Amino acid sequence: MLIDAERIPQEQKMESAAAQIYAIQAGLELGKKRGKKLIFAKSAMAVLTAAVMVAGILFFNPAQLIPQQGSSIIESSDWGVLEPFKKLAAADIDALTLESAIRNDYVQIVNKSAESNGYKITLNAVLADENKIMLLYTGTTSDGQEVYSVNSVKLTDAATGRDVMEENGNRGGMGAHAEGTIYTWLGKTIFSLDRNKPAPTEVVADFQIASVDPGMLSKPKTGTDLNDMRYSERLKVNFSMDPKFWEQKTETLVVDQPFVIDGQEVKLAEVELSPLSIALKYTISEELQSDWIVRNEIFQKLPYELTTQVGKHEIKVNPNSGSGADDGFISYFSSNVLDHPKSMRLKLNVGTDREKEEYIDILKK
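Each chain has its residues counted from 1, running along the sequence as written. In view of the model being predicted, local features appear only for residues whose pLDDT reaches at least 70, and side-chain atom pairs are presented and counted only at 80 or more, with totals across whole chains, interfaces and linings using the full set of residues. Side-chain measures were taken over the full set of non-hydrogen atoms in the model, leaving aside hydrogen atoms and water.

A. Spotlight on the overall build of the protein chain. Helix and strand definitions here come from DSSP, where helices need a minimum of 4 consecutive H or I residues and strands a minimum of 2 consecutive E residues; each element is numbered from the N-terminal end. Counting secondary structure elements, the protein chain contains seven helices and 18 strands. For each residue, the accessible area found with a 1.4 Å probe, counting protein chains only, is set against the maximum for its type, and the residue is called buried under 20%, exposed over 50%, and partly exposed in between. Among the 365 residues that make up the protein chain, the fraction classed as buried is 54%. In what follows, a contact means two residues having at least one pair of non-hydrogen atoms within 4.5 Å. Contacts in the protein chain between residues at least 24 apart in sequence constitute 64% of all its contacts with a sequence separation of at least 6.

Right, dumping it as C-alpha cells:
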C-alpha cells in the first residue's frame, strides 16, 4: 500500500470521507512510532481492516476514496499538458496544492518514459519543496492487458542509490484510470524529505505496473487473488531535479496559542508553511505526554478545519495526514502558500470546552 495509516478515526465527528481517511492515517503512525503504545495501532488497524474489506481490492489505497473536501472558488488554471490529471485531482486531497502550483508555474515537466514487454511508464511531472517530492505519472499496457494500478513506486538518489525519502518518512499516493480507458493509469506519489539533509539533484524514479488479463478487470473478485495479477519489470526513469524547488524555504510561524480539549490544555505552538504542505505543530504538557489514554483521546479531537484568504476568496485547506511527536502532535494540510494568502485561520471544534465557534488566527497580512 502506498499510504501508511496514521491517525485514529473520529467516528462520531467525521463530516467527510477525507476527514475519516485523515483520522485513519494518523493513528497507525503514532502507534508505529512508539511500540509500547499499541492502543493507537490497534484502533487504527481495526478501521483500516474494515475499509479494506469494504473496498474489496488487493492494493487498497485509502486516498482513492477521498472526495475533495473543500475547493478553491478561484477560477481553475489551464493545466496544459497535465490536463488529464485535473479530473484525477478532483478526488485528491492535494488538489488545492496542485492547482496552486500549476497556477504559479511551480511544476517541472519531465515527460520521460521507460518501457518493457508491453508495459510503459511516463513520468509526466515533478513538484517538490524542502519537505516532499511529488511525482505525476502515466502507466500504460498493450497486448490486451488491463491496468490494475501502478502498484510500486520508488525514488532513489542516482549518485548513491539510496532512497531519497527520510529514514522514517512516509510515502503516499493515489491513482485512477484515465477517462474512457482501462489501459492507462494516472498516478501520483509523494515522498517525504528531511530538509536538514542535502537536497537530491539527480534522481531515479522506479515503477512497477500491475495488470490483469483481458476481461478480468470487470470481474468482482479480481484483485483478491494474487494469481490473477501480472507485473511489469521495474521501469526506471532518470531525471534532474529543478533547482527552483530548493530555493523555496519553509517559513516557520511561532503561534504559541493555547486552547482546551476535554479540559486539557493543548497549544498550537508553530505552523510551517511551504509550497506543498502546511504543518501545524501542537504541544501538550509533560504529564500528558506519557498518559497514552488521554493523549489518544486528545489526538482524535484535534481541529482540522483550516481556511486561508486569497484576494476576496476564502479557501478551505484539506487535512491529509497527522503524526505523533515527542511533545505532542503534528497535523499536515494541503497548501496554497504560493498564492500568498493574506490570512490563515484554524477553527476550534465546538464541544464541551466551548459554546460557540472559536478560531486561532495563524496569519494576518
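Still more ground to cover, so stick around.
B. View of unusual backbone geometry. Non-glycine residue D105 carries a positive phi angle of around 55°. Along the polypeptide, D105 turns up in the loop between α4 (95-103) and β1 (108-116). You will see that D143, though not glycine, has its phi angle at about 60°, which is positive. In this structure, D143 sits in the loop between β3 (132-141) and β4 (146-157).

C. Geometry of the sheet that holds β1. A pair of strands counts as paired when DSSP detects no fewer than two bridges linking them. One open sheet holds the five strands; their spatial order is β1-β2-β3-β6-β5, and the pairing between them is antiparallel. The open sheet has two edge strands, β1 and β5 (171-177), and neither has a second partner. The mean angle between the axes of side-by-side strands here comes to 20°, regardless of whether they run parallel or antiparallel. One ladder, built from seven bridges, connects β5 with strand β6 (residues 184-192); its direction is antiparallel. What counts as an axis is a line fitted to C-alpha atoms, over the stretch in contact for a helix, and the angles between N-to-C directions run from 0 to 180 degrees.

D. Quick peek at the nonpolar core. Definition of nonpolar core: a set of buried residues of the types Ala, Val, Leu, Ile, Met, Phe, Trp, Tyr and Cys, connected through side-chain atoms within 4.5 Å. L123, I133, L135 and F239 are the most contacted members of the largest nonpolar core, which has 50 residues in total. In terms of residue count, the dominant contributor to this core is strand β2 (residues 119-128) (seven residues). F239 has contacts with Q108, V110, L123, V126, L135, L155, T201, E202, V203 and A205, leaving out every residue within four places of it along the chain. In terms of nonpolar packing, the next biggest core, distinct from the first, is built from 32 residues, V255, F259, L306 and L348 among them.

E. Highlighting the side chain of E146. By the element assignment, E146 lies in strand β4. Nearest to the buried, unbridged E146 among oppositely charged side chains is K219, at 9.3 Å. We define a polar contact as two N or O atoms separated by no more than 3.5 Å, with the added condition that, inside protein, one atom must be a possible hydrogen donor and the other a possible acceptor, whereas residues neighbouring each other in sequence contribute only through side-chain atom pairs. At a separation of 2.7 Å, a polar atom in the side chain of E146 contacts the main-chain amide nitrogen of G215. A distance of 3.5 Å separates a polar side-chain atom of E146 from the backbone nitrogen of M216. Aside from chain neighbours lying at most four places away, what touches E146 is T141, I182, Y183, A210, S211, V212, D213, P214, G215, M216 and L217. Note on charges: Lys and Arg go in the positive column, Asp and Glu in the negative column, and His and the chain ends are not counted at all. Any carboxyl oxygen of Asp or Glu that lies within 4 Å of a side-chain nitrogen of Lys or Arg is treated as forming a salt bridge with it.

F. Up close: the environment of D262. Relative to the assigned elements, D262 resides in the loop between β10 (251-261) and β11 (264-274). Put simply, D262 and R354 are 92 residues apart on the chain and 10.0 Å apart in space, counted from C-alpha to C-alpha. Excluding residues within four positions of it along the chain, D262 makes contact with K301, T352 and D353. A distance of 2.7 Å separates the side chain of D262 from the side chain of K301, its partner in a polar contact.

G. A look at α4. The buried fraction of α4 is high, at eight of nine residues. Listing the buried residues of α4 in full gives A95, L96, T97, L98, E99, S100, A101 and I102. Where α4 is buried, its residues contact α3 (84-89), β2, β3 and β14 (313-317). D105 occupies a position one or two residues after α4 and carries a positive phi of about 55°.

H. Structural context of the sheet that holds strand β17 (residues 343-348). The four strands lie next to each other as β14-β13-β17-β18, forming an open sheet whose pairing is antiparallel. Two strands lie at the open edges of the sheet, namely β14 and β18 (358-364), each paired on one side alone. Direction aside, neighbouring strands of the sheet carry axes that sit 25° apart on average. Where β17 and β18 come together, six bridges link them in antiparallel fashion. Each bridged residue has a counterpart across the sheet, and for S343 the counterpart in β18 is K364.

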